[in-house]
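Commentary on secondary and tertiary structure
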Amino acid sequence: MAKLNQIIAVEKGVKSKSLQDITAAHHKVQKPALLAGISRTYQPKDEEGEQLPPESTRVQVQAEDVLREMSASLTRLFDVTATKDWANCAARADVTVDGRTIVTDVPVSYLLFLEKQLTDLHTFVRKLPTLDAAESWSPDPSTDWWKTDPVRTIRTKKVPRNHVKAEATDKHPAQVEVYYEDVPIGYWTTVKFSGALPARRVNELVERVEKLQQAVKFAREEANGADVTDQRVGEAVFGYLLG
């Protein structure tokens, strides 16, 4: 008895061959010259007339033969696809991670869906924003955000000062140079907030998604190892169509 994964393995080749056969059949019946034949003989008007040899062209393609060839090819495709689809209805497996069963008795079609969704989810989780590692963060219960410890900084203001380079004399005015001095006038207390995630949390999520991905793939392989019963659908279909 064949396994489901064996049927899946041959399905692509059967589809490809059927497509080639259908294309070839279509081309044959679309060439009128191949379906046409003729036979003619010549008889002179009297015995002294010119004798000409008979002429004939054989029919090269018979439409009924093309139909039989096409139905034979498609019957194989119909049977293989039916065998796979019938088996997919029954093939199931559990998704288990670290000994814990996450989902039970999952059909193959849903396992394939899960694989695609988890691939997209993996991409999303890996790109989640993380907290700036240069800061020290802690949870803030009042906002449900992350926050840093308060940092106090001085606010200054530039105040002009005069520097007398030379005192005034009776002959020259004083030489004064203006410069600016930073004078403390207050204090800023800064607390930063963030809605990003700790890198540890992102790494945990990535690891969980990857474990589930592996579990789903394993479950699909297990389900695809189920025995299949050959289906004979093509003969019934073409028995009606060409009957």
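Within the protein one finds 6 helices and 9 strands. For the protein, the C-alpha radius of gyration of 43 Å lies well beyond 18 Å, the compact-globule estimate for 243 residues. Projected onto its principal axes, the C-alpha positions of the protein cover 160 × 65 × 25 Å. Expressed as a percentage of the 243 residues in the protein, the buried residues total 23%. Expressed as a percentage of contacts within the protein between residues at least 6 apart in sequence, the contacts between residues at least 24 apart total 68%. A total of about 18300 Å² of accessible surface is found on the protein, and carbon and sulfur atoms cover 53% of it. In the protein, 33 side chains carry a positive charge and 35 a negative one; their mean positions are 8 Å apart.

So, on to the UniProt feature "coiled-coil region" (unreviewed entry) in the protein. Taking the numbering used here, the UniProt-annotated feature "coiled-coil region" (unreviewed entry) corresponds to residues 202–229. Annotated as 82% helix and 0% strand, the span residues 202–229 places its first and last C-alpha atoms 46 Å apart.

In this section: the nonpolar core. Grouped together as the largest cluster of nonpolar side chains are 22 residues, with contacts concentrated most on Leu4, Val95, Leu111, Val216 and Ala223. If you list the elements that add at least two residues to this core, you get α1 (4–29), α3 (63–90), β3 (92–97), α4 (108–126) and α5 (199–224). The contact partners of Ala223, leaving out residues within four places of it in the chain, are Leu4, Ala91, Arg92, Ala93, Val108 and Leu111.

With that settled, the discussion passes to α5. Its 26 residues place the ends of α5 38 Å apart at the C-alpha level, agreeing with the 38 Å of an ideal helix rising 1.5 Å per residue. Inspection of α5 places Val202, Val206, Val209, Gln213, Ala215, Val216, Ala219, Arg220, Ala223 and Asn224 among the buried residues, and these make up the whole buried set. Tucked inside the fold, the buried residues of α5 contact α1, β3 and α4.

Before going further, it helps to spend a moment on the pairing of strand β5 (residues 137–140). Across 4 bridges, β5 lies against strand β6 (residues 145–148) in antiparallel orientation. When the sheet's bridge partners are listed, Asp140 is paired in β6 with Trp145. Linking two consecutive strands that pair antiparallel, namely β5 and β6, is a turn of 4 residues; a positive phi of about 65° is found at Asp144 within it.

The volume enclosed by the largest pocket comes to roughly 280 Å³. Taken together, Val97, Asp98, Arg100, Ile102, Leu118, Leu121, Val125, Leu205, Arg208, Val209, Lys211 and Leu212 make up the full set of residues lining the largest pocket. Among the elements of the structure, β4 (100–107), α4 and α5 are those that each provide at least two residues to the lining of the largest pocket. Sort the elements by how many residues they give to the lining of the largest pocket and α5 lands first, with 5 residues. Looking at the lining of the largest pocket residue by residue, the class counts come to 8 nonpolar, no polar and 4 charged.

Mapped onto the fold, Val178 is located in strand β8 (residues 175–190). Sequence spacing of Val178 and His163 is 15 residues, and the spatial spacing of their C-alpha atoms is 6.2 Å. When near neighbours in sequence (up to four residues on either side) are disregarded, Val178 contacts Pro160, Arg161 and Asn162.

Strand order in this open sheet of 3 strands is β5-β6-β9, and the pairing throughout is antiparallel. Sheet topology places β5 and β9 (193–194) at the edges, where each strand pairs with a single neighbour. In terms of strand pairing, β6 meets β9 through 2 bridges, oriented antiparallel. The residue bridging Lys147 from the neighbouring strand is Phe193, located in β9.

With that settled, consider the packing of α4 against α5. Close contact between α4 and α5 brings their axes to 9 Å; oriented N to C, the two are set at 160°. The angle between α4 and α5 falls in the class roughly antiparallel. The two elements α4 and α5 meet at a crossing, and its hand is left-handed. When grouped by side-chain class, the residues that make up the contact of α4 with α5 number 15 nonpolar, 4 polar and 5 charged.

The rules we used
Residues numbered from 1 in each chain as written. Predicted model: local features only at pLDDT ≥ 70, side-chain atom pairs only at ≥ 80, totals over all residues. Heavy atoms only, no water. Helix = DSSP H or I, 4+ residues; strand = E, 2+ residues; numbered from the N terminus. Rg over C-alpha atoms; globule rule 2.2 N^0.38 Å. Buried < 20%, exposed > 50% of the residue type's maximum accessible area, 1.4 Å probe, protein only. Contact = heavy atoms within 4.5 Å. Areas by Shrake-Rupley, 256 points an atom, 1.4 Å probe, with all protein chains shown as cover. Lys, Arg positive; Asp, Glu negative; His and termini not counted. Charge placed at Lys NZ, Arg CZ, Asp CG, Glu CD. UniProt positions renumbered as here; feature names shortened; annotations may be inferred. Core = buried A, V, L, I, M, F, W, Y, C linked by side-chain atoms within 4.5 Å. Expected span 1.5 Å × (residues − 1). Pairing = 2+ DSSP bridges. 1 Å grid on protein atoms, 1.4 Å probe; cavity = no way out; pocket = protein on both sides within 12 Å on 5 of 7 lines; lining within 4 Å. Points joined across faces, edges and corners; volume = space filled by probe spheres on them. Nonpolar A, V, L, I, M, F, W, Y, C, P; charged D, E, K, R; others polar. Axes fitted to C-alpha atoms, helices over the stretch in contact; angles between N-to-C directions. Parallel < 35°, antiparallel > 145°, perpendicular 65-115°, else oblique. Left-handed = near helix turned anticlockwise from the far one by under 90°.

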